[in-house]
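For reference, the chains in residue letters:
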Amino acid sequence: METYQIIQDGDDYLLPVYNRQKIVLMRGEGNQVYDSERTVYLDFFSGIAVNGLGQAYPEVVNAIIEETKKLGHVSNYYYNEPNVKLAKLLCDVSFAQKVFFCNSGTEAVEAAIKLARKCFRREGQDKFEVISFHNSFHGRTYGSLSATGQVKYQEGLEPLLPGFKFANFNNIDSVKKLIGEKTAAVLVETIQCEGGIYPAEPKFMTELRELTKEKGIFLILDEVQTGMGRTGKMWAYQHYGIEPDMMTSAKALGGGLPMGALLVTNQAAQGFKPGDHASTFGGNPIVSAASIATIEAILMKDLVAHAAKEGEYLKLALMDLQKENPKLFTEVRGKGLLLGLEMTRKAGSLVNHCLHQGLLIGTAHETVLRFTPPLITTKSDIDLALAKLRKAIVEELKTA
Ligand SMILES: *Cc1c(COP(=O)(O)O)cnc(C)c1O
């Protein structure tokens, strides 16, 4: 099909919920992606922090092919080996002792909310409220949307679910004020991502852990975007020397295939009994095989340490860029290969200029340029990206 035809049919037949760039991506290899006109792009977006190993990572491709030949889908009324192996592997590389599998980040958050409520109800306690944070993002289904602290995602979709309260991020007193008899859990992103790349402060995280322990309520970390090595630790909570009761994962978890998971302690796991929660596709053997291959590659190639190192290099380069252009950029935030560059204007136009220079990059919260390159990114990739970004900035500065 001709490129213009694909784009026109896309606009004709797809619900218009995305502002798409007018390119059609056809194939990729590592951090290079090609469009239908054979233009090559350096990928610093990774499909919203999904492709941790880049495109078409051979071991992941192989795992998918081999498993597809053996077993396509089976229901959760039976065991399947890749899924059991994956659950064990995830517990090995995290605080968790039990895992529930689903297909997306929002579903993992839903599972966490349900489990928190169910745990208390099972003990005959009427605790159901969840405290989350202003400027947070937890997903688009009604539970996680109700937990999301940004009106722009909620407008026109009311009524939202009751039982959610919002504290101020990095402000422990605001959490203390909201905790009451009905509170079941505090739900927080370790780094607020869609909100503009704001890391939790170490003191806030330790105080939040102490507070939730003291009150006997759950600390749920939303690590949908921050997990799987992205921040220079396997999970971002490992920067803080704390462990949550529950943690959500998705995005990079399935090695590019759709997968979400809720990871919990044995204690939290008590809340669910057979029939309390389910997902038809959750933990499907093919996705599980892809996820195992992804985690094994991350471990074998030591990509977590690599992400920390390259992330530091990128961060310093972005700080230089900020100093060179103080009128355009105000701050660099983030950890590892999850970085935000705050702009004095909307970031969309600069993203377009980057695209024309052959660099795929994201935004967060309108005025923040978001860098989430694959974990395999090297210093020379970063140098190349910065060269493209500098050219894009020249273009950007021509417009007002
Ligand atoms: C992307 C994201 C979600 C939602 O994940 P989906 O797979 O799109 O449902 C939830 N929480 C955080 C922190 C995210 O970044």
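Focus on the site of the ligand
Taken together, the neighbourhood of the ligand is formed by Ser-104, Gly-105, Thr-106, Phe-137, His-138, Gly-139, Glu-189, Asp-222, Val-224, Gln-225 and Lys-251. A distance of 2.8 Å separates an oxygen atom of the ligand from a polar backbone atom of Gly-105. One of the side-chain nitrogen or oxygen atoms of Lys-251 is found 2.8 Å away from an oxygen atom of the ligand. Here the residues of the shell around the ligand sort into 2 nonpolar, 6 polar and 3 charged.

Section: the sheet that holds strand β15 (residues 359–360)
Hydrogen bonds along the backbone pair up the strands of a sheet, which may run parallel or antiparallel. Pairing is mixed across the open sheet formed by 4 strands, whose spatial order is β1-β2-β3-β15. Each having just a single partner strand, β1 (25–29) and β15 make up the two edges of the open sheet. Sheet topology note: the strand β2 (residues 32–35)/strand β3 (residues 40–43) ladder contains 3 bridges and is antiparallel. In the strand pairing of β3, Tyr-34 is matched with Val-40. Against the sheet, helix α13 (residues 379–398) makes contact with β3 and β15, and its axis sits at roughly 115° relative to β3, the strand it touches most.

A word on the domain arrangement of the protein
Splitting the protein by domain gives domain 1 (3–56 + 302–399) and domain 2 (71–300). Centre-to-centre, using C-alpha coordinates, domain 1 lies 27 Å away from domain 2. If you look at the interface, domain 1 gives 29 residues, while domain 2 gives 30 residues. Where domain 1 packs against domain 2, one counts 1 salt bridge. The tally of links from domain 1 across to domain 2 stands at 14 residue pairs in polar contact (both at pLDDT 80 or more). Elements that contribute at least two residues to the side of domain 1 that touches domain 2 include exactly α2 (46–49), α11 (303–324), β13 (329–335), β14 (338–343) and β17 (368–371).

Details of the pattern of salt bridges
Applying the stated rule across the entire model yields 19 salt bridges. Among the salt bridges present, the one from Lys-22 reaches Asp-11, with a minimum N-O distance of 3.4 Å. Highlighted residues: Lys-22 in the loop between α1 (3–13) and β1 and Asp-11 in helix α1, separated in sequence by 11 residues. Relative accessible area serves as the criterion here: at 49%, Asp-11 is assigned to the partly exposed category. Residues participating in the shared-partner salt-bridge network are Lys-118, Arg-122 and Asp-276.

Calculation rules
Every chain is numbered independently, its residues counted from 1 as its sequence is written. In keeping with the model being predicted, local features are shown solely for residues with a pLDDT of at least 70 and side-chain atom pairs are shown and tallied solely at 80 or more, while totals for entire chains, interfaces and linings include all residues. Hydrogens and water are ignored here; the side-chain numbers use all heavy atoms of the structure. When at least one non-hydrogen atom of a residue lies within 4 Å of a molecule or strand, that residue is treated as near it. Here a polar contact means two N or O atoms within 3.5 Å. Within protein one must be a hydrogen donor candidate and the other an acceptor candidate, and residues neighboring in sequence count only if both atoms are side-chain atoms. Each residue receives one of three labels: charged for Asp, Glu, Lys and Arg, nonpolar for Ala, Val, Leu, Ile, Met, Phe, Trp, Tyr, Cys and Pro, and polar for the others, Gly being one of them. Strands qualify as paired when DSSP identifies two bridges or more between them. Helix numbers and strand numbers start at the N terminus; a helix is a DSSP run of H or I with at least 4 residues, a strand a run of E with at least 2. Residue contacts are defined here by distance: any two heavy atoms, one from each residue, within 4.5 Å place the two residues in contact. Only the contacting stretch of a helix is used when fitting its axis, a line to C-alpha atoms as for every element, and angles between N-to-C directions run 0 to 180 degrees. As annotated, the domain borders come from an automatic or database domain assignment. Every case where a carboxyl oxygen of Asp or Glu lies within 4 Å of a side-chain nitrogen of Lys or Arg is listed as a salt bridge. The classification of residues rests on relative accessible area computed with a 1.4 Å probe and restricted to protein chains. Under 20% of the type maximum is buried, over 50% is exposed, and intermediate values are partly exposed.

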